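# Observations on the model geometry
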Amino acid sequence: MFQRLAFALVVLFTCYPGTSVAGDSQTVVPIPSPLIEKFDVWGSLPPDAKLAFYSGWANGLFTTTKDPGTLALGSCLGKLSFEPILAMIDKRFADHREGLKNPVSTEIIEAVTVTESPCQGIRVGR
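Residues numbered from 1 in each chain as written. Predicted model: local features only at pLDDT ≥ 70, side-chain atom pairs only at ≥ 80, totals over all residues. Heavy atoms only, no water.

This part is about the side chain of Thr113. Position of Thr113 relative to the elements: it lies in the segment after α5 (104-112). In this view, Thr113 contacts Leu73, Cys119, Gln120, Gly121 and Ile122; residues no more than four positions away in its chain are not counted. (Helix = DSSP H or I, 4+ residues; strand = E, 2+ residues; numbered from the N terminus. Contact = heavy atoms within 4.5 Å.)

Structural data, given as structure tokens:
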């Protein structure tokens, strides 16, 4: 029941961004819409926040899919330490400025599957 409630609240606040859970006597903090971050957010993160962001992204993606390509990518990345993964994403950020307005997830996948990377050529379901 609580999962459905949470989903309904996300839909409500995403479709109606002026909506707030605060009553009239509370300060209203707008909920960002859309909820999908652009790749340019990566450049604003300090190294420890990049690690946390990547970890959350990976946990969300690789634990909620049945797509064979996505699972293969998760298995491949699971064999690497965080340092080379974050370096690949940082390189993508530096070298492909045209991708800054793309969803961060799309660009992370591009970064870690690029030619000559340990996970090159793995195609995830889109």
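On to the packing of helix α2 (residues 47-62) against helix α4 (residues 82-95), then. The geometry of α2 relative to α4 is characterised by a closest axis approach of 11 Å and an angle of 95° between their N-to-C directions. On the basis of their axis angle, the class for α2 and α4 is roughly perpendicular. When α2 is examined against α4, the residues Lys50, Leu51 and Tyr54 are found in contact with a partner set consisting of Phe82, Ile85, Leu86, Ile89 and Asp90. Along the lines of polarity and charge, the residues of the contact of α2 with α4 split into 6 nonpolar, no polar and 2 charged. (Axes fitted to C-alpha atoms, helices over the stretch in contact; angles between N-to-C directions. Parallel < 35°, antiparallel > 145°, perpendicular 65-115°, else oblique. Nonpolar A, V, L, I, M, F, W, Y, C, P; charged D, E, K, R; others polar.)

Quick look at the state of the cysteines now. One covalent bond between the sulfur atoms of two cysteine residues makes up a disulfide. In the structure shown here, the tally under the stated rule is 1 disulfide. Across the disulfide from Cys76 sits Cys119; the S-S distance is 2.0 Å. Looking along the S-S bond of the Cys76-Cys119 disulfide, the torsion reads about -100°, which is the left-handed sense. In this pair, Cys76 sits in helix α3 (residues 68-77) while Cys119 sits in the segment after α5, placing the two residues 43 residues apart along the sequence. For the pair Cys76 and Cys119, a shared accessibility class is recorded, and that class is buried. (Disulfide = S-S within 2.5 Å. Buried < 20%, exposed > 50% of the residue type's maximum accessible area, 1.4 Å probe, protein only.)

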